[in-house]
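Geometric and topological summary
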Amino acid sequence: MKVNNANLAALSNITVQQEVSANNVANLLTRGYRAARALQQGDRVTVSPEMRAAIQRNEAASSAAPSPSDAATEQVRMRRNEAAYTANLNAIKTRDALYKALDDLNKG
């Protein structure tokens, strides 16, 4: 059961990381936007202070320089997140299949 909980927590953390990257991509051309980062701390992911502040302020585009976000970097992060999400989902499916097989053996 512990493995399943770890995999479920990982799915949740990866979702947060994916949302942060998607937000960075969406704001590539927004002047004054500072790229946010999802920070892994133990088994939890938190959003960088910069992103939290931007969400709270909900600032309109400023006359500052264009966003320092990099599309290629975000694309790599998003692909990595996708692979990690798939791996954790497959681990959950494999665990469920194993328990089902064991249950069927016990019944038979």
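Residues numbered from 1 in each chain as written. Predicted model: local features only at pLDDT ≥ 70, side-chain atom pairs only at ≥ 80, totals over all residues. Heavy atoms only, no water.

Attention now goes to the overall build of the chain. When you go through the chain residue by residue, the secondary structure sums to 3 helices and 2 strands. The N-to-C order of helical and strand elements in the chain reads α-β-β-α-α. Counting only residues that meet the buried cut, the chain has 23% of its 108 residues in that class. Within the chain, contacts between residues at least 6 apart in sequence are counted, and of these 74% link residues at least 24 apart. Approximately 7,500 Å² of the chain is accessible, and the part contributed by carbon and sulfur atoms is 57%. (Helix = DSSP H or I, 4+ residues; strand = E, 2+ residues; numbered from the N terminus. Buried < 20%, exposed > 50% of the residue type's maximum accessible area, 1.4 Å probe, protein only. Contact = heavy atoms within 4.5 Å. Areas by Shrake-Rupley, 256 points an atom, 1.4 Å probe, with all protein chains shown as cover.)

Moving on, we get to the pattern of salt bridges. Scanning the model with the defined rule gives 5 salt bridges in all. With its nearest N and O atoms 3.0 Å apart, the salt bridge here joins Arg37 to Glu74. In this pair, Arg37 sits in the loop between α1 (2-26) and β1 (38-41) while Glu74 sits in helix α3 (residues 71-107), placing the two residues 37 residues apart along the sequence. For Glu74, a relative accessible area of 0% translates into the label buried. (Salt bridge = Lys/Arg side-chain N within 4 Å of Asp/Glu carboxyl O.)

What follows concerns the confidence of the model for the chain. A residue-level look at the chain finds 77% of positions with pLDDT of 70 or above and a mean pLDDT of 81. Mean pLDDT in the chain bottoms out at helix α2 (residues 49-57), which sits at 61, and peaks at α3, which reaches 93. The model gives residues 58-63 a pLDDT under 50, and that stretch makes 5 contacts with residues more than four places away or in other chains. (pLDDT = per-residue confidence, 0-100.)

This part covers α3. Between its terminal C-alpha atoms α3 stretches 54 Å, which fits the 54 Å expected from 37 residues at 1.5 Å a residue. Turning to α3, its buried residues are Glu74, Asn81, Asn88, Ile92 and Arg95. (Expected span 1.5 Å × (residues − 1).)

So, about a nonpolar patch on the surface. A surface patch of nonpolar side chains, amounting to about 430 Å² of accessible area, comprises Leu98, Tyr99, Leu102 and Leu105. For Leu105, the location among the structural elements is in helix α3. (Patch = residues over 30% accessible without salt bridge, like charges linked within 9 Å, V, L, I, M, F, W, Y side chains within 5 Å.)

The next point concerns the pairing of strand β2 (residues 44-47). Pairing of β1 with β2 involves 4 bridges; the strand directions are antiparallel. Within β2, the position partnered with Gln40 by the bridge is Val45. Linkage of β1 to β2, two consecutive antiparallel strands, is achieved through a turn of 2 residues, within which Gly42 is found at a positive phi near 70°. (Pairing = 2+ DSSP bridges.)

Quick look at the environment of Leu8 now. Looking at where Leu8 falls in the secondary structure, it is placed in helix α1. Relative accessible area serves as the criterion here: at 43%, Leu8 is assigned to the partly exposed category. Separated by 83 residues in the primary sequence, Leu8 and Ala91 have C-alpha atoms spaced 10.0 Å apart.

Another point: the environment of Ala87. Considering the arrangement of structural elements, one finds Ala87 in helix α3. Along the sequence, Ala87 and Leu11 sit 76 residues apart, while their C-alpha atoms lie 9.6 Å from each other.

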